[in-house]
Amino acid sequence: MRTVAEWKAALRAALKDALRTRNAPASAVLRETLAAIDNAEAPDVSVASAPAGGAIAGSVEGLGSGEVARLLLSPEAVDALLQREVQERRDAVALYIQLGRHEEARTLQAQVDVLLAL
C-alpha cells in the first residue's frame, strides 16, 4: 500500500500530465481529490490557541503560537477517501444515465477511470 506522500506525489504527477495534455475531466478530478486529502488533513479549530487582546484584534500572543499542526492521515484513510470519491462519481454516472444526461455521465465516467488508473 502507498504512503500518503506517495499518493500525493502520484496525484500531482497525474495532474501535471493532465494539464499538459489539456484533459479537463482528469485535471478536475485530480484537483478535487488533492483538495479532499488536504481538507481531511485540516486540524480541528478547537485545538487552536485562544485569541488574546492586543495590537491586532483576534491575534494570539507569541511567535508561532497561532500555528496548529495538520492531521496525519494513514494510508488506509487516503485509500478510503479515494474509494469514496470513486463511489460518489459512480453513483452520479448512474443517476445521469437514468436522467438521459449521457454527456455528463461520460465525463464522470472518465473521471472514475482516471482515479482507478492511479
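Here goes a summary of the coordinates provided. Each chain carries its own residue numbering, running from 1 in the written order of its sequence. Per-residue local features of the predicted model are confined to residues with pLDDT of at least 70, and side-chain atom pairs are confined, for both listing and counting, to 80 or more; whole-chain, interface and lining totals are unaffected and use all residues. Heavy atoms throughout the structure, all of them, feed into the side-chain values; hydrogens and water do not.

## Examining the side chain of Arg89
The way it works is that DSSP assigns letters per residue, a run of H or I at least four long becomes a helix, a run of E at least two long becomes a strand, and they are numbered from the N terminus. Within the fold, Arg89 resides in helix H3 (residues 75–98). Here the side chain of Arg89 touches Glu85 through a polar contact of 2.8 Å, side chain to side chain. Throughout, a residue-residue contact means that at least one pair of heavy atoms, one from each residue, lies within 4.5 Å. Residue contacts for Arg89: discarding those within four places in its chain leaves Val29, Glu32, Leu108, Gln111, Val112 and Leu115. Each polar contact in these results corresponds to two N or O atoms within 3.5 Å; when the atoms are within protein, one needs to be able to donate a hydrogen and the other to accept it, and residues that are neighboring in sequence are counted only if both atoms are side-chain atoms.

## Some thoughts on the environment of Ala26
Structurally, Ala26 can be placed in helix H2 (residues 24–41). Only protein chains enter the area calculation, which uses a 1.4 Å probe; residues under 20% of their type maximum are buried, those over 50% are exposed, and those in between are partly exposed. We classify Ala26 as buried; its relative accessible area is 5%. With 86 residues separating them along the chain, Ala26 and Val112 place their C-alpha atoms 9.0 Å apart. If we skip the residues at most four places from it in the chain, Ala26 touches Ala18 and Val114.

## Section: the nonpolar core
The set of buried Ala, Val, Leu, Ile, Met, Phe, Trp, Tyr and Cys residues whose side-chain atoms join them within 4.5 Å is what this entry labels a nonpolar core. Grouped together as the largest cluster of nonpolar side chains are 17 residues, with contacts concentrated most on Leu11, Leu30, Ile37, Val78, Leu82 and Leu115. For this core, the elements supplying multiple residues, two or more each, are helix H1 (4–20), H2, H3 and helix H4 (102–117). Those residues in contact with Leu115, other than ones at most four positions away along the chain, are Val29, Thr33, Leu82, Glu85, Val86 and Arg89.

## Some details on the packing of aromatic side chains
Here a pair means two rings of Phe, Tyr or Trp (six-membered ring of Trp) with centres within 6.5 Å. Their orientation is stacked below 30 degrees between planes, edge-to-face above 60, and tilted elsewhere. In the structure shown here, the tally under the stated rule is zero aromatic pairs. The ring centre of Trp7 lies 4.7 Å from the NZ or CZ of Arg2, which sits over that ring. For a lysine, the NZ atom is tested; for an arginine, the CZ atom; a charge sits over a ring if that atom is within 6 Å of the ring centre and within 35 degrees of the ring normal.

## Side note on the packing of H2 against H3
Angle between the axes and distance between the axes are the two parameters that describe a pair of packed helices. Axis lines are fitted through C-alpha atoms, for helices just across the contact stretch, and the angle between N-to-C directions can take any value from 0 to 180 degrees. H3 packs onto H2 with a crossing angle of 135° between their chain directions and a minimal axis gap of 11 Å. When the axis of H2 is compared with that of H3, the two are oblique. Of the two elements, H2 crosses H3, and the hand of that crossing is right-handed. Counted together, Val29, Glu32, Thr33, Ala36, Ile37 and Ala40 of H2 and Val78, Leu81, Leu82, Glu85 and Arg89 of H3 form the full contact between these two elements. Three categories are distinguished: nonpolar for Ala, Val, Leu, Ile, Met, Phe, Trp, Tyr, Cys and Pro, charged for Asp, Glu, Lys and Arg, and polar for the others, with Gly belonging to the last. Residue composition of the contact of H2 with H3, grouped by class: seven nonpolar, one polar and three charged. Orientation is classified from the angle alone, with under 35 degrees giving roughly parallel, over 145 giving roughly antiparallel, 65 to 115 giving roughly perpendicular, and any other angle giving oblique. By definition, any crossing whose near helix is turned counterclockwise from its far helix by less than a right angle is left-handed, and any crossing with a clockwise turn is right-handed.

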